[in-house]
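The primary structure of each chain is shown beneath.
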Amino acid sequence: MYTTDLSGKDRKKPAPSAAEDPALLAAFEARVANDEFIEPKDWMPEAYRRTLVRQISQHAHSEIVGMLPEGNWITRAPSLRRKAILLAKVQDEGGHGLYLYSAAETLGASREEMIEALHSGKAKYSTIFNYPTLTWADIGAIGWLVDGAAIMNQVPLQRTSYGPYARAMVRVCKEESFHQRQGYELTMALCAGSKEQKRMAQDALNRWWWPSLMMFGPPDDKSPNTEQSIRWRIKRETNDELRQRFVDVTVPQAEAIGLAVPDPALKWNEDCGHYDFGKIDWEEFYAVVRGEGQVAKERMQARVTAWEDGAWVRNAATTYSVKRAAAKVAAE
Amino acid sequence: MQDWPLWEVFIRAKGGLSHRHAGSVHAADAKMALEHARDTYTRRMEGVSLWVIPSAQIISSDPADAGPLFEPAEDKIYRHPTFYSIPDHIKHI
């Protein structure tokens with residue numbers, strides 16, 4: 001899964017602080033412009049570090065929260081095959097969150113702080129997870145569309161300028177491809193089934209199409225961080241470029257299984273070789289960013305409950321390790 | 001609660017290859033670190049052996065010293081076989 005940069009507060013352009021050595025800054029800019037990777041102990045501007053911590057931790061949170069809408073369906077999967085697949089996928093999402101938290105930690109953020117920021121509502125995660133998963137067909141739509149959009153975003157991030165982030169993305173992309181394929185296969189199976197099943201698949205596409213397009217983040221002219229992030233090679237492509245690519249590849253996939261994309265303005269544009277598509281309801285997007293998503297409260301509630309219910313296990317493990325270490329010292 | 005210590009994870013992909021850094025995990029002790037490494041980094045037959053090492057135990061060179069440490073090798077091209085020109089008719093060398 002993926003999150004775009006959703007920061008609302010510090011949208012001011014990060015300016016190099018006066019304390020930063022211009023020679024170091026110039027050397028850094030030159031390295032990045034030359035497509036070199038920056039590694040954890042290398043010198044980097046504070047704004048670069050801050051932007052990365054925010055982006056990587058938001059990305060990690062999205063993976064973790066992303067387990068919730070699907071976890072809901074594990075016990076309701078219609079066959080053992082589908083259940084095993086969904087379990088493996090949800091476990092992958094947890095793993096992706098862990099790779100990303102680790103990458104953010106190399107920049108000096110602590111795991112504890114990041115988790116606290118998520119639970120207190122201070123940190124953002126992808127808006128897509130604040131929509132409900134109403135039917136089994138939604139599991140197909142999530143894999144096909146949501147993971148499909150995530151892949152579109154993450155493939156260029158494999159060449160992002162920060163080494164640990166890029167390496168985490170390589171691993172994530174390798175694993176994510178099965179997520180999208182299983183979702184499409186599930187949707188395909190529904191479309192080849194009864195009338196009711198096909199209607200269910202269409203209904204899921206109707207509800208997930210627009211939120212999936214919003215996953216790429218605000219339009220370029222409303223995304224003030226994009227320019228700096230592209231210059232620093234944190235982002236490699238703009239929100240609108242990625243969104244267009246997603247539409248171009250996904251529309252034929254829908255048509256191939258007899259589903260209609262819920263956009264009356266959607267039309268192939270011969271001149272530019274892309275699909276034209278309708279206006280996105282950005283008011284809805286910003287409302288979800290503000291925490292007004294349909295199931296935003298339930299998601300955080302489920303997450304915090306899981307964390308709190310697991311506290312005794314973490315405490316027991318800590319106590320056990322301290323005791324064992326003490327016994328070892330005593331024996332020596 | 002304080003974070004558990006950080007451990008670096010190394011995986012041997014198959015016999016004959018050396019262990020390679022894969023990432024890191026938090027764990028209360030070594031046994032748990034191995035279990036977390038297994039769950040986090042080897043879900044798809046990525047390896048046949050795991051190492052975990054407390055991150056705090058790793059001593060690394062400072063990137064600022066990269067010049068003095070690694071540059072001297074650049075002017076010693078005579079360490080490479082291509083530095084020596086040998087006529088074409090001399091074989092097996």
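Residues numbered from 1 in each chain as written. Chains lettered and ligands numbered in written order. Predicted model: local features only at pLDDT ≥ 70, side-chain atom pairs only at ≥ 80, totals over all residues. Heavy atoms only, no water.

### Overview of the packing of helix 4 (residues 80-105) of chain A against helix 5 (residues 111-119) of chain A
Residue and element names in this part refer to chain A.
Turning to step 1, where the next piece is worked out: At a closest axis distance of 10 Å, the pairing of helix 4 and helix 5 adopts a crossing angle of 120 degrees. Classified by the angle between their axes, helix 4 and helix 5 sit oblique to one another. In this structure, helix 4 meets helix 5 at a crossing whose hand is right-handed. Contacts between helix 4 and helix 5 involve Leu98, Tyr101, Ser102, Ala104 and Glu105 from the former and Arg111, Met114 and Leu118 from the latter.
Turning to step 2, where the next piece is worked out: Taken together, the residues that form the contact of helix 4 with helix 5 break down as 5 nonpolar, 1 polar and 2 charged. (Axes fitted to C-alpha atoms, helices over the stretch in contact; angles between N-to-C directions. Helix = DSSP H or I, 4+ residues; strand = E, 2+ residues; numbered from the N terminus. Parallel < 35°, antiparallel > 145°, perpendicular 65-115°, else oblique. Left-handed = near helix turned anticlockwise from the far one by under 90°. Contact = heavy atoms within 4.5 Å. Nonpolar A, V, L, I, M, F, W, Y, C, P; charged D, E, K, R; others polar.)

### What to know about the interface of chain B and chain A
The figure often quoted for interface size is the accessible area lost as the parts come together.
Turning to step 1, where the next piece is worked out: Counting residues at the interface gives 20 residues for chain B and 22 residues for chain A.
Turning to step 2, where the next piece is worked out: One can count 4 salt bridges joining chain B with chain A.
Turning to step 3, where the next piece is worked out: In this assembly, chain B and chain A are joined by 12 residue pairs in polar contact (both at pLDDT 80 or more).
Turning to step 4, where the next piece is worked out: Within the residue set of the side of chain B that touches chain A, elements represented by two or more residues are strand 2 (20-26) and helix 1 (30-41) of chain B. (Salt bridge = Lys/Arg side-chain N within 4 Å of Asp/Glu carboxyl O. Polar contact = N/O pair within 3.5 Å; in protein donor to acceptor, adjacent residues only side chain to side chain.)

### Quick look at the packing of aromatic side chains
All names here are of chain A.
Turning to step 1, where the next piece is worked out: Summed over the entire model, instances satisfying the criterion amount to 16 aromatic pairs over all chains.
Turning to step 2, where the next piece is worked out: A ring pair is formed by Phe28 and Trp232, whose centres lie 6.3 Å apart and whose planes are at 80 degrees; its orientation type is edge-to-face. Residue Phe28 is located in helix 1 (residues 22-33), and its partner Trp232 is located in the loop between helix 9 (225-231) and helix 10 (239-256); the two are separated by 204 residues in the primary sequence. Trp232 matches Phe28 in its accessibility class, with the two residues each being buried.
Turning to step 3, where the next piece is worked out: Look at Trp282 and Phe285: their rings are 5.2 Å apart centre to centre, the planes differ by 90 degrees, and that puts the pair in the edge-to-face class. Of this pair, Trp282 and Phe285 are both found in helix 11 (residues 282-292), 3 residues apart, which corresponds to roughly one turn of the helix. Considered together, Trp282 and Phe285 belong to a single accessibility category, that of buried residues.
Turning to step 4, where the next piece is worked out: In this structure, Arg171 packs its charged tip against the face of Tyr99, placed 5.6 Å from the ring centre. (Phe/Tyr/Trp six-rings, centres within 6.5 Å; stacked < 30°, edge-to-face > 60°. Buried < 20%, exposed > 50% of the residue type's maximum accessible area, 1.4 Å probe, protein only. Lys NZ or Arg CZ within 6 Å of the ring centre and 35° of its normal.)

### Notes on helix 6 (residues 137-157) of chain A
Turning to step 1, where the next piece is worked out: In this model, helix 6 of chain A (21 residues) spans 29 Å end to end at C-alpha, consistent with the 30 Å of a helix rising 1.5 Å per residue.
Turning to step 2, where the next piece is worked out: Along helix 6 of chain A, 20 of the 21 residues are buried, which leaves the element largely enclosed by surrounding structure. (Expected span 1.5 Å × (residues − 1).)

### Things to note about helix 5 of chain A
Because the α-helix completes a turn every 3.6 residues, residues three or four places apart line up on one side.
Turning to step 1, where the next piece is worked out: Residues of helix 5 of chain A that are buried include every one of A:Arg111, A:Met114, A:Ile115, A:Ala117, A:Leu118 and A:His119, and no others.
Turning to step 2, where the next piece is worked out: Contact partners of the buried residues in helix 5 of chain A: helix 2 (46-65), helix 4 and helix 12 (296-309) of chain A together with strand 2 of chain B.
Turning to step 3, where the next piece is worked out: With its phi angle positive at about 90 degrees, A:Gly121 sits one or two positions after the end of helix 5 of chain A.

### Quick notes on the sheet that holds strand 2 of chain B
Residues and elements named next belong to chain B.
Turning to step 1, where the next piece is worked out: The strand order across the open sheet built from 3 strands is 2-1-3, with neighbouring strands paired in antiparallel fashion. Each edge of the open sheet is held by one strand with a lone partner, namely strand 2 and strand 3 (49-54). Sheet twist, expressed as the mean angle between neighbouring strand axes with direction ignored, is 30 degrees.
Turning to step 2, where the next piece is worked out: Alignment of strand 1 (residues 6-12) against strand 2, held across 6 bridges, turns out to be antiparallel. The partner of Val9 across the bridge, within strand 2, is Gly23.
Turning to step 3, where the next piece is worked out: Packed onto the sheet, helix 1 meets strand 1, strand 2 and strand 3 and runs at close to 115 degrees relative to strand 2. (Pairing = 2+ DSSP bridges.)

### Details of the pattern of salt bridges
Turning to step 1, where the next piece is worked out: Applying the stated criterion across every chain yields a total of 25 salt bridges over all chains.
Turning to step 2, where the next piece is worked out: As a salt-bridge pair, A:Asp92 and B:Arg44 come within 2.5 Å of each other at their nearest N and O atoms. With A:Asp92 in helix 4 and B:Arg44 in the loop between helix 1 and strand 3, the pair connects residues from two separate chains.
Turning to step 3, where the next piece is worked out: On the basis of relative accessibility, which here comes to 2%, the residue A:Asp92 falls in the buried class.
Turning to step 4, where the next piece is worked out: Classification of B:Arg44 as partly exposed rests on a relative accessible area of 33%.
Turning to step 5, where the next piece is worked out: Two residues, A:Asp138 and A:Arg207, come together in a salt bridge whose shortest N-O distance is 2.7 Å. Remark: A:Arg207 occurs in helix 8 (residues 195-214) and A:Asp138 occurs in helix 6; sequence separation between them is 69 residues.
Turning to step 6, where the next piece is worked out: Owing to a relative accessible area of 24%, A:Arg207 belongs among the partly exposed residues under this scheme.
Turning to step 7, where the next piece is worked out: One continuous salt-bridge network, built from bridges that share partners, spans A:Glu70, A:Lys89, A:Glu93 and A:Asp147.

### So, the confidence of the model for chain A
Turning to step 1, where the next piece is worked out: Looking at chain A as a whole, the pLDDT averages 92, with 95% of positions reaching at least 70.
Turning to step 2, where the next piece is worked out: Scored below 50 in pLDDT, residues 1-14 of chain A shows 57 contacts in the model against residues more than four places distant or in partner chains. (pLDDT = per-residue confidence, 0-100.)

### Here we look at the side chain of A:Ser161
Residues and elements named next belong to chain A.
Turning to step 1, where the next piece is worked out: Looking at the secondary structure, you find Ser161 in the loop between helix 6 and helix 7 (163-191).
Turning to step 2, where the next piece is worked out: We classify Ser161 as buried; its relative accessible area is 3%.
Turning to step 3, where the next piece is worked out: When residues no more than four places from it in sequence are discounted, the contact partners of Ser161 are Val32, Glu36, Phe37, Ile38, Tyr48, Trp232, Arg233 and Ile234.

### Re a nonpolar patch on the surface
Residue and element names in this part refer to chain B.
Turning to step 1, where the next piece is worked out: On the surface, a cluster of nonpolar side chains totalling about 750 Å² of accessible area is made up of Ile77, Tyr78, Phe83, Tyr84, Ile86, Ile90 and Ile93.
Turning to step 2, where the next piece is worked out: Checked against the element boundaries, Ile86 lands in the segment after helix 2 (66-70).
Turning to step 3, where the next piece is worked out: You can call Ile86 partly exposed: its relative accessible area is 43%. (Patch = residues over 30% accessible without salt bridge, like charges linked within 9 Å, V, L, I, M, F, W, Y side chains within 5 Å. Areas by Shrake-Rupley, 256 points an atom, 1.4 Å probe, with all protein chains shown as cover.)

### Observations regarding the side chain of A:Gln244
Turning to step 1, where the next piece is worked out: Looking at the element boundaries, A:Gln244 is found in helix 10.
Turning to step 2, where the next piece is worked out: Ignoring sequence-local partners within four residues, the contact set of A:Gln244 consists of A:His274, A:Tyr275 and A:Phe277.

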